[in-house]
Amino acid sequence: MTLAPESEGRPAPGRSFPVAEAWVPAFDAVPRSLFLPDLVWAHDMATGTNRPLDRTEDEAAWLAAADADIPVVTQWDDGEHQGAEPGTVPTSSASQPSVVASMLNDLQVEPGMRVMEQGTGTGWNAGLLSYRLGDANVTTVEIDAAVSDRANAALTAAGYRPQVVCADGAAGHPAGAPYDRIIATYGLRSIPQAWIQQTRPGGLILAPFGTHYSNADALVRLTVHGDGTASGPFLQPVEFMKMRSQRLIWPKNPPDGGTVTETTTTAVLPGHGKFDPFPLAAGLRLRDIVHAVQPHEDGTRTLWLYSLTTPAWAAATFRDGQDAHQIHQYGGRRLWDDFEHTLTWWRGAGEPGVDRLGLTVTPDGWHTWLDDPTQPI
């Protein structure tokens, strides 16, 4: 599922979401409805709920959802789910159209460029790219065979024949390299080296990137360099389904018998909402830590921190109006201490949001920076 806090610009005539001028003909010619199955689940962004819509039972409501600026779920639980009611985890979708339009504009394509898309999904994005660039210049990769087959059929029925590849996207598709652009339609926790190797120097990789600290991502646009590295700024906060091989695996409970320490803090907890700026920045420093915020009936809330690499956790309980808040920590890594150091850094840096952060990827891994690549975080 693909969400963004808001879209910039003005909607084009007859459309509920903004589209850059260069992409208007593609969006006019390639409607999302051509790529949706009969049974979909319309996502309500205000409530987080998903409403089933069956075209064979209520075509008007189905078409309204297809045209609306909302994400539409098309698969649950990696295809294991059956029936009309929503499943447990959405695993394929037709992204929110305003996000699709914004990302295609951010991709900065020009006629004649070759593009590899990672995450075919319904095939709509590949159809838009094919309309503008031509079938021969578009390769789209999808790991799920059923999703890939359905997208290929929808693309063919709509009159487009990009190369549709069913494979693990982490390997890219070397047979079509080098590419001028790579665009990912799922969230990443690391950028595959194969993508950098398969992009020409000076080419761009556009992908949602984040850390396991939260489920949120931020769109990053990387310029590939001739030395096998890539670097570039974050553009906007988003939230995508994650690459299947990079999904979060929650840590097991730490073994019993350790010592829990108790302290207090006067720190003020920053916002941890989906698109608040702190979680992204925090995750870039607090690697291998995942968080959860637990509200309580008495009005308090507990921030839980868990290590993904060592048996350690921390719990900080906050109550509005109080100056001191109780901290519990367990394990060899003092997670609250790490968190508080990160909070001090973030506030000292002026509480930076997405627009001040960037990413550099090398063959040895990745690091992030503040304002400029010479200022690593």
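It should be noted that the structure appears before, not after, this text.
These notes cover the structure that comes with them. Note that the structure is predicted; figures quoted are calculated from it, not measured.

## Quick notes on the sheet that holds strand β11 (residues 230-238)
Where strands meet in a sheet, backbone hydrogen bonds hold them as pairs that are either parallel or antiparallel.
Part 1: Strand order in the open sheet made by the nine strands is β7-β6-β5-β8-β9-β10-β11-β17-β18, with mixed pairing throughout. In this open sheet, the two edge strands, each paired with only one partner strand, are β7 (163-166) and β18 (365-370). The sheet shows a mean angle of 20° between the axes of neighbouring strands, taken without regard to direction.
Part 2: Where strand β17 (residues 357-362) and β18 come together, six bridges link them in antiparallel fashion. Bridge pairing in β18 links Thr360 to His367.
Part 3: Those strands touched by helix α5 (residues 145-158) are β6 (138-142) and β7, and its axis lies near 170° from that of β7.

## Considerations on the environment of Ser190
Part 1: With respect to the helices, strands and loops of the structure, Ser190 is situated in the loop between β8 (179-184) and α6 (193-197).
Part 2: Taking relative accessible area as the criterion, Ser190 reaches 29% and is therefore assigned partly exposed.
Part 3: Residues within four places of Ser190 in sequence aside, it is in contact with Phe209, Gln246 and Trp366.

## Describing α5
Part 1: In this model, α5 (14 residues) spans 20 Å end to end at C-alpha, consistent with the 20 Å of a helix rising 1.5 Å per residue.
Part 2: For α5, the set of buried residues is Val147, Ser148, Ala151, Ala154 and Leu155. Summarising the axial view, the buried residues of α5 lie within an arc of 130°, below the 170-degree limit, and thus occupy one face. The outward face of α5, more than 90 degrees from its buried face, is lined by the exposed residues Asp149 and Ala157.
Part 3: The elements touched by buried residues of α5 are β3 (72-76), β4 (90-94), α4 (124-133), β6 and β7.
Part 4: Where α5 begins, the side chain of Asp144 points an oxygen toward the backbone nitrogen of Ala146, at a separation of 3.0 Å.
Part 5: Following α5 by one or two positions, Gly159 has its phi on the positive side, about 95°.

Rules and cut-offs
In this convention, every chain numbers its residues from 1, walking through the sequence in written order. Reporting in this predicted model follows two pLDDT cut-offs: at least 70 for local features of residues, and 80 or more for side-chain atom pairs to be given and counted; totals over whole chains, interfaces and linings ignore these cut-offs and use all residues. With hydrogens and water set aside, each side-chain value is computed from the structure's full complement of heavy atoms. Note on pairing: DSSP must find at least two bridges between two strands before they are called paired. Each helix is a run of H or I in the DSSP string that is no shorter than four residues. Each strand is a run of E no shorter than two, and both are numbered from the N terminus. To obtain each axis, a line is fitted to C-alpha atoms, and for helices this fit is confined to the stretch in contact; angles are then taken between N-to-C directions over 0 to 180 degrees. Contact definition: two residues touch when any of their heavy atoms are within 4.5 Å. Working definition: with a 1.4 Å probe on protein chains only, accessible area under 20% of the residue-type maximum means buried, over 50% means exposed, and in between means partly exposed. Helix span, as expected, comes to 1.5 Å for every residue beyond the first. This arc describes the spread of directions from the helix axis toward the C-beta atoms. Any N or O atom pair separated by 3.5 Å or less is treated as a polar contact, with the protein-specific requirement of one donor-capable and one acceptor-capable atom, and with residues adjacent in sequence counted only for side-chain atom pairs.

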